[in-house]
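# Descriptive analysis of the structure
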Amino acid sequence: MTNPRVGFCGIGRMGEPMTQRLLAAGHEVAVWNRSAAKLGALTGAGAIACVTPQALGECVDIALLCLGDGKAVEDVVFGEHGLVHAATPPRFIVDHSTLSPALTRNLAKRWHAATGSVWIDAPVSGGTGGAEAGTLAVMAGGPADAIEAVTPVLRAFSSRVTRMGEIGAGQTTKLANQAIVATTLAGLAEAFVLAKRSGIDTGAVPSALQGGWADSVLLQTLWPRMVTPPEFATGTVRVILKDLDAIAELAHTSATMQRVLPEVRRLLKDAAERGMADWDLSQIFRIGEIESSPDA
């Protein structure tokens, strides 16, 4: 496609910087968000605000979604004034949300039956920092020619777009990614409490371990946020817990034994029940502090 018209639904922590990157790359971008108040910075940068997803669908070739969960995706696409009701629907939906592969395949089938257009599942990894820097990793599922067609647009906010297979394969890859993130997060939280209670300089740990086997993007990103709690959450307990539910569903349907992730899920569920659902992920180490307390 030459100069495709792009729409973005879901202007949250990830959606806003991704859309800013699209605008900076010179794309014509229409935007919709459930809370229109969040669109001010984007319309100021040249985006066109739409009152409904249907209105957005009328004027774009590619509709990008970055929404909180499966219900939100289904509402935006198939609900009242959803994308499916556009007189001329977008040629492609590219869903950057994280959903279960089974739900994604169901939504894609419904979308194609109603419109004849293509659904691509394309969850991302790299967090808000990656969105702002344009270095997100995109894991895509869908027809090879469709993914090739939309890749130039996705390059505005990603450094890598990898086709992982047919519809649902992108979501499966993202859930594998989240399994690694969640288990690493739990390990970092326990290591932090151990280091802190043993009296070493916790602030020096990331540099001390840099280049060693324990080094990782997560260590270098989350550990400093454990040392100095962030003002704003970049990833929350609620979101990773939702992804762990999807992993459990996939493990069940694929007859995959899990030993570690159920324990991590229990840890995060405990954190959510203690009022930490919307806290930054780095702060789950506080559960370990509570449980290690002599008064616990």
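I will try to describe carefully the structure that is included in this document. Treat the numbers as computed from the prediction; the structure is a model and nothing was measured. (Residues numbered from 1 in each chain as written. Predicted model: local features only at pLDDT ≥ 70, side-chain atom pairs only at ≥ 80, totals over all residues. Heavy atoms only, no water.)

## Considering the pairing of strand S5 (residues 92–95)
In S5, alternate side chains face the same way, and those of Phe92 and Val94 on one face and Ile93 and Asp95 on the other are all buried. Pairing geometry for strand S4 (residues 62–65) and S5, over 4 bridges, is parallel. Its bridge partner lying in S5, Leu65 is registered against Asp95. Taken together, S4, helix H4 (residues 70–78) and S5 form a β-α-β motif whose crossover is right-handed. In terms of strand pairing, S5 meets strand S6 (residues 118–121) through 4 bridges, oriented parallel. Paired with Val94 across the strands is Ile120, a residue of S6. (Buried < 20%, exposed > 50% of the residue type's maximum accessible area, 1.4 Å probe, protein only. Helix = DSSP H or I, 4+ residues; strand = E, 2+ residues; numbered from the N terminus. Pairing = 2+ DSSP bridges. Right-handed = clockwise from strand over helix to strand, strands pointing away.)

## Focus: the pairing of strand S8 (residues 136–141)
Here S8 lies mainly inside the structure; 6 of its 6 residues are buried. Of the two faces of S8, the one holding Leu136, Val138 and Ala140 and the one holding Ala137, Met139 and Gly141 are both buried throughout. Bridge count for strand S7 (residues 124–125) against S8 is 2 bridges, and the pairing is antiparallel. Bridge pairing links Val124 to Val138 in S8. Pairing analysis gives 6 bridges linking S8 to strand S9 (residues 158–165), with the strands arranged parallel.

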